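Close look at the chain arrangement
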Amino acid sequence: LIRRSLSSKPFYITTPIFYPNAAPHLGHLYSMLLCDVRNRWELLKGNSSFFTTGTDEHGLKIQTAAEKQGVDPKEFVDQLALVFKDLASKTDIKFDRFIRTTDADHVKAVEHFWNKLQENGYIYQGKHSGWYSISDETFYPKTQILKNEENGRHYSIESGSEVVYTTEKNYFFKLSFFQQALIQLIESNPKFIIPEQRQTDLLRELKSGPLQDLSISRPSTRLKWGITVPNDDSQKIYVWVDALVNYLTSGGYPNVNKLWPGTHLIGKDIIRFHCIYWPALLLAAGESLPTQVVVHGHWLANGFKMSKSRGNVVDPLLINDYYGTDSLRFFLCENSVLNGDCNFSEEALFRTREQLIDKYSNLIMRCCGKKFNIERAVSRYNHLSDLKFQDDNLQLQYENLVHSANSIYRKMDSKITQMNFAGAIQEFWTLIIQANQFVQTSEPWKKSQDEQDKIIFIGSEVARICSILIHPVIPELSLLILKRLNISKVSTDYLEIGADLSYGKGVNRPGDHPIQKLKFRLAK
Ligand code: ME8
């Protein structure tokens, strides 16, 4: 059995905090979902677990988006934070804290973190020079600039906007100082970043040349919407430093430490921030490093990167409304691979829903048939040693099924704790198919009551065990089924065959086919 965590701190998992400069996209739902499933899994195991998500509300992106709409940035983010929360609530995402970088405790945490970096000698004042575009509000590297020989002016190749060579005051973080420490840290901790390939790539990058110090402030004249550098009104804190500290804020930083260190789940485009900047900043501030950084790929739509111009952006709220939460959650988990991109298609989502009905619900429907009696079967066959079938072949199938049912938890647990949800779901399907075959080929409707009860007992037990184990992925449907079987003990403490013998009362009602309700529920 899996040993319960003895540490007093809960398991702590975080999504990135999202930019609320536009409505949430599928990637946002996906990262919340992966964390939600993992969090629910820990809770199912009886562990304490804490899960945070939230919004990254400062910075130029937000400032510009708010200006475009002619509203105050705070009002703007207040509205969008609600949309993100709404997505979470509609998709059964149960976070423990929704952190916003405009929260008062977060602003205090960031100021304290900054002061710590300064006290420890890792911040210095400097100048930053480069090609700056006023309209794009960004610096471009020299290699990205073209001079127009006719008018002598300079332009960004990428955006075509004019750029001017500018020098501004900035605070810098001594990132270069941490290069060797980062290499050592990563080399001595082979699972610091998963999947492995991401760790290998990052190490290669870290060894490829010297790290440059990082500019960690912006002039307040340019960046108005941000946290002011302590004791210097002329500068605002770089939005990534502000954002990363959110992971400490939720644990009570700087006063108490109820949570840290935690496990981060991030998308592949923000590895540098989480695996180079963040560990270096933590080392500089004297804090522990994250437990692990889990990196996922991106969702494509029918094989293409989602983009507004291509018109293939999947709206998670719409899809959720149309296909139902559990189908969408199941689909995203079943088709999710960490070490590559994932493909979204409505046809595939439709098929997922059909499979849930055909394979999963079918097992329950078979056992709940009005010819059978789960209550009697469960109360009668509570001693596994009693279960002997006359037919040798059936006996063998039965023994194999019991073995599979009693080992599925360990298999799923090892996959889920490695964030391999597709693998865990594969285990779930294997067992469901095996049980369906057993019930089908044993033909209980032709058997004596005694043999029939044995078959129905094992069939219901597999349905019960699978429903408990799949609960973190499809919380509503699994509970509906467990309720339909009158099962109330939803925990990994009751996963052996025969571990809960208190269910089944009144389940096999004539004329009441649970599948109808399920179909309706799934198809919403
Ligand atoms: O990066 N599929 O926020 P963000 C899957 N505020 N995931 C995707 C995706 C896709 N198609 N597109 C984007 C930020 N993502 C910062 C984070 S954390 C201290 C600050 C993922 O709203 C992306 O990889 O732009 C990232 O993990 C997340 O969405 C949030 O992106």
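Everything below is about the structure shown above.
As a convention, each chain's residues are numbered from 1 in the sequence order in which they are written. Local features in this predicted model are restricted to residues whose pLDDT is 70 or higher, and side-chain atom pairs enter the listing and the counts only when it is 80 or higher, whereas totals over whole chains, interfaces and linings include all residues. Hydrogens and waters are ignored; side-chain quantities use all the structure's heavy atoms.

Considerations on the overall build of the protein
Helix and strand content of the protein: 18 helices and 18 strands. Viewed in the frame of its principal axes, the protein has a C-alpha envelope of about 95 × 45 × 40 Å. Put simply, 75% of the contacts in the protein that link residues at least 6 apart link residues at least 24 apart. Calculation of accessible area relied on Shrake-Rupley with a 1.4 Å probe; when residues are assessed, cover is drawn exclusively from the protein chains displayed. Carbon and sulfur atoms make up 50% of the accessible area of the protein, which totals about 23,600 Å². Where helices and strands are cited, they refer to DSSP runs of H or I of at least four residues and of E of at least two residues respectively, numbered from the N terminus. Contacts between residues were defined by any pair of non-hydrogen atoms, one from each residue, lying within 4.5 Å.

A short note on the sheet that holds strand β12 (residues 228–229)
Two strands qualify as a pair provided DSSP detects at least 2 bridges between them. Sheet architecture is open: three strands sit in the order β11-β13-β12, paired in antiparallel fashion. Here the strands that pair on one side only, and so sit at the sheet edges, are β11 (217–219) and β12. In the sheet, β11 pairs with strand β13 (residues 232–237) via three bridges, with the strands oriented antiparallel. Its bridge partner lying in β13, R218 is registered against K236.

Observations regarding the pairing of strand β15 (residues 292–296)
In terms of burial, β15 is largely enclosed, as five of its five residues are buried. Here the term buried applies to any residue with accessible area under 20% of the maximum for its type, exposed to any over 50%, and partly exposed to those in between, with areas from a 1.4 Å probe on protein chains only. Along β15, one buried face is formed by Q292, V294 and H296 and the opposite face, lined by V293 and V295, is buried too. In this sheet, β15 lies alongside strand β9 (residues 193–194) in parallel orientation, the contact comprising two bridges. For I194, the partnering residue across the bridge sits in β15 and is V294. Where strand β14 (residues 263–267) meets β15, five bridges bridge the pair, whose relative direction is parallel. Looking at the pairing, G267 lines up with H296 of β15. Handedness of a crossover: with both strands directed away from the viewer, a clockwise path from the first strand across the helix to the second marks it as right-handed. With respect to chirality, the unit in which β14 leads through helix α9 (residues 271–285) into the neighbouring parallel β15 is right-handed.

Observations concerning the packing of aromatic side chains
For any pair of aromatic rings, the description rests on two quantities: the centre-to-centre distance and the angle between the ring planes. Geometry of aromatic contacts follows a simple scheme: Phe, Tyr and Trp rings, the Trp one being its six-membered ring, pair when their centres are within 6.5 Å, and the pair is stacked under 30 degrees between planes, edge-to-face over 60, tilted otherwise. Applying the stated criterion across every chain, the model contains 29 aromatic pairs. Ring plane angle 75 degrees and centroid distance 5.3 Å describe the contact between W131 and Y165, whose orientation is recorded as edge-to-face. Residue W131 is found in strand β4 (residues 123–133), and its partner Y165 is found in strand β8 (residues 162–173); the two are separated by 34 residues along the sequence. One aromatic cluster is present, formed by Y12, F50, F113, Y247, Y253, W260 and W278 through successive ring pairs. Definition used: whenever NZ (Lys) or CZ (Arg) falls within 6 Å of the ring centre and also within 35 degrees of the ring normal, the charge is taken to sit over that ring. The ring centre of W429 lies 4.4 Å from the NZ or CZ of K359, which sits over that ring. It is K454 that lies over the ring of F389; its NZ or CZ is 5.6 Å from the centre.

A look at the sheet that holds strand β18 (residues 342–344)
On the basis of which strands lie adjacent, the open sheet formed by three strands has the order β17-β16-β18 and mixed pairing. The open sheet has two free edges, formed respectively by β17 (304–305) and β18, since each of these has just one partner strand. Pairing geometry for strand β16 (residues 299–301) and β17, over two bridges, is antiparallel. Note that in β17 the partner of L300 across the bridge is K305.

Considerations on the packing of helix α11 (residues 325–334) against helix α12 (residues 346–367)
Axes, fitted as lines to C-alpha atoms, cover a helix only where it is in contact. Angles between the N-to-C directions of the axes lie from 0 to 180 degrees. Where α11 meets α12, the axes come as close as 9 Å, and the angle between the chain directions of the two elements is 110 degrees. Classed by the angle they form, the pair α11 and α12 counts as roughly perpendicular. Contacts between α11 and α12 pair S327, L328, F330, F331 and E334 from the former with A348, L349, T352, R353, Q355 and L356 from the latter. A breakdown of the residues in the contact of α11 with α12 according to their chemical character gives six nonpolar, three polar and two charged. Note on terminology: angles under 35 degrees are roughly parallel, angles over 145 are roughly antiparallel, angles of 65 to 115 are roughly perpendicular, and the others are oblique. Lys, Arg, Asp and Glu make up the charged group, whereas Ala, Val, Leu, Ile, Met, Phe, Trp, Tyr, Cys and Pro make up the nonpolar group; the residues left over, Gly among them, are polar.

Considering the environment of K45
Note that K45 resides in the loop between α1 (26–44) and β2 (49–55). Overall, the relative accessible area of 7% leaves K45 in the buried class. Separated by 392 residues in the primary sequence, K45 and Q437 have C-alpha atoms spaced 29 Å apart. Pairs of N or O atoms within 3.5 Å make up the polar contacts considered here, provided that, within protein, one atom can donate a hydrogen while the other can accept it, and that residues adjacent in sequence are counted only when both atoms are side-chain atoms. A distance of 2.9 Å separates a polar atom in the side chain of K45 from a polar atom in the side chain of D413.

Some thoughts on the packing of helix α3 (residues 73–90) against helix α10 (residues 316–323)
Packing of α3 against α10 brings their axes to within 10 Å, and their N-to-C directions diverge by 25 degrees. Classed by the angle they form, the pair α3 and α10 counts as roughly parallel. Seen along the crossing, α3 lies across α10 with a hand that is left-handed. Here D86, L87 and K90 of α3 come into contact with α10, specifically with P316, L317 and N320. Counted by class, the contact of α3 with α10 contains three nonpolar, one polar and two charged residues. Left-handed describes a crossing in which the near helix is turned anticlockwise from the far one by less than a right angle; the clockwise case is right-handed.

Concerning helix α14 (residues 392–416)
Expected helix span is computed as 1.5 Å times (number of residues minus one). Counted at 1.5 Å a residue, the expected span for α14 with its 25 residues is 36 Å, and the 36 Å between its end C-alpha atoms agrees. Working definition for bend: take the seven residues up to and ending at a residue and the seven starting at it, fit an axis to each, and measure the angle between the axes. The largest bend in α14 is about 40 degrees, located at S407. Its side-chain oxygen 2.7 Å from the backbone nitrogen of N393, D391 forms the N-cap of α14.

Examining the pattern of salt bridges
The term salt bridge refers to a side-chain nitrogen of Lys or Arg lying within 4 Å of a carboxyl oxygen of Asp or Glu. Scanning all chains against the criterion turns up 29 salt bridges. A salt bridge links D36 to R329; its shortest N-O distance comes to 2.7 Å. With D36 in helix α1 and R329 in helix α11, this pair connects stretches of sequence that are 293 residues apart. Using a relative accessible area of 0% as the deciding quantity, one classes D36 as buried. Judged by its relative accessible area of 2%, R329 is buried. E427 serves as the salt-bridge partner of K415, at 3.0 Å between the closest nitrogen and oxygen. Here the residue K415 occupies a position in helix α14, and E427 occupies one in helix α15 (residues 421–442), the gap between them amounting to 12 residues. Several salt bridges share partner residues, and in doing so they unite R376, R380, D450, E451, D453 and K454 into one network.

Here's the deal with the side chain of Q235
Relative to the helices and strands, Q235 resides in strand β13. Setting aside chain neighbours within four positions, we find Q235 in contact with K169, N170, Y171, S217, R218, P219, S220, I227, T228 and V229.

By themselves these figures say nothing about function.
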